[in-house]
Amino acid sequence: MKIHHVGLAVESLSSSVPVFEKLLGKGPESEEDVADQKVRVAVFRLGESRLELLEGTCEDSPITQFISKRGQGIHHLALAVPDLREALRKLEKDGLRLIDREPRVGAGKERIAFLYPASTAGVLIELMEEA
Ligand code: ZN
């Protein structure tokens, strides 16, 4: 298991992307809409990991709602697993609460699933199986 990416909730990609370009010394490797999650995402690659800047695309986007409650900042931590279905089965058996009991498709077309932060020390965890 490894950290695949950290998701950051931002109010606006057009104002946040230039900040991270200065910080990291390079531009994002991609920018795309993920309709399923109602976000637009800019991805900065950092070695084996990535930073994903997430902007909500509508009022009922989870990112827009997160920012209105808690402000901008770290939204979730994504862990890569070799077999997502197997990981979900095991974690549920171990008492963790799953938001997604079945994998769904995330940015970059990987299969992903989220866990309830109430069962993971307050941190929203995304599990993903790399395509
Ligand atoms: Zn993510």
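Scoring rules and cut-offs
Residues numbered from 1 in each chain as written. Predicted model: local features only at pLDDT ≥ 70, side-chain atom pairs only at ≥ 80, totals over all residues. Heavy atoms only, no water. Helix = DSSP H or I, 4+ residues; strand = E, 2+ residues; numbered from the N terminus. Rg over C-alpha atoms; globule rule 2.2 N^0.38 Å. Buried < 20%, exposed > 50% of the residue type's maximum accessible area, 1.4 Å probe, protein only. Contact = heavy atoms within 4.5 Å. Areas by Shrake-Rupley, 256 points an atom, 1.4 Å probe, with all protein chains shown as cover. Lys, Arg positive; Asp, Glu negative; His and termini not counted. Charge placed at Lys NZ, Arg CZ, Asp CG, Glu CD. Pairing = 2+ DSSP bridges. Arc of directions from axis to C-beta. Donors = N, O, S within 2.8 Å, 3.2 Å for Na, K, Ca; no water. Phe/Tyr/Trp six-rings, centres within 6.5 Å; stacked < 30°, edge-to-face > 60°. Lys NZ or Arg CZ within 6 Å of the ring centre and 35° of its normal. Salt bridge = Lys/Arg side-chain N within 4 Å of Asp/Glu carboxyl O.

### Remarks on the overall build of the protein chain
Along its length, the protein chain carries three helices and eight strands. In sequence order, the secondary structure elements of the protein chain are arranged as β-α-β-β-β-α-β-α-β-β-β. For 131 residues, the compact-globule estimate of 2.2 N^0.38 gives 14 Å, and the C-alpha radius of gyration of the protein chain, at 14 Å, lies within 12% of that figure. Across the 131 residues of the protein chain, 43% fall into the buried class. Pairs at least 24 residues apart make up 52% of the contacts formed inside the protein chain by residues separated by at least 6 positions. Element-wise, carbon and sulfur atoms account for 53% of the exposed surface of the protein chain, whose accessible area totals about 7300 Å². Across the protein chain, the centroid of the 18 positively charged side chains sits 4 Å from that of the 22 negatively charged ones.

### Details of the pairing of strand E1 (residues 2-9)
Relative to strand E5 (residues 73-80), E1 runs antiparallel, the two being bridged by seven bridges. Residue pairing across strands places alanine 9 opposite glycine 73, the latter belonging to E5.

### Brief notes about helix H2 (residues 62-70)
What sets the pattern is the α-helix's 3.6 residues per turn: residues three or four places apart point alike. Every buried residue of H2 is listed here: Ile63, Thr64, Phe66 and Ile67. Down the axis of H2, the buried set is contained in an arc of 160°. They therefore lie on one face. In H2, the exposed positions that point more than 90 degrees away from the buried face belong to Ser68 and Lys69. The secondary structure elements touched by the buried residues of H2 are E1, strand E3 (39-46), strand E4 (49-56) and E5.

### Brief notes about the coordination of the zinc ion
Angles between donor atoms at a metal ideally measure 109.5 degrees for a four-coordinate tetrahedral arrangement and either 90 or 180 degrees for a six-coordinate octahedral one. Looking at the zinc ion, one finds its protein donor set to be His5 (NE2), His76 (NE2) and Glu126 (OE), positioned 1.9 to 2.1 Å from the metal centre. In the primary sequence, the donor residues of the zinc ion line up as H-x70-H-x49-E. You can see histidine 76 sitting in strand E5 and its partner glutamate 126 sitting in strand E8 (residues 125-129), a full 50 residues away along the chain. Considered together, histidine 76 and glutamate 126 belong to a single accessibility category, that of buried residues.

### Comments concerning the packing of aromatic side chains
This structure, assessed with the given rule, holds one aromatic pair. Ring centres of phenylalanine 20 and phenylalanine 44 lie 6.3 Å apart, and the angle between their planes is 45°; this geometry places the pair in the tilted category. With phenylalanine 20 in helix H1 (residues 13-24) and phenylalanine 44 in strand E3, this residue pair connects regions lying 24 residues apart in the sequence. Against the face of tyrosine 116 rests arginine 97, its NZ or CZ located 4.4 Å from the ring centre.

### Some thoughts on the pattern of salt bridges
Close approach of charged atoms allows side chains of opposite charge to pair. One pass over the structure, following the stated rule, counts 13 salt bridges. Linking arginine 50 and glutamate 110 is a salt bridge whose minimum nitrogen-to-oxygen distance equals 3.9 Å. Residue arginine 50 is found in strand E4, and its partner glutamate 110 is found in the loop between strand E6 (104-105) and strand E7 (111-115); the two are separated by 60 residues along the sequence. The exposure classification of arginine 50 matches that of glutamate 110, with both residues buried. The salt bridge involving aspartate 94 is made with lysine 90; its shortest N-O contact spans 2.8 Å. Exposure remark for lysine 90: the relative accessible area of 48% places this residue in the partly exposed category.

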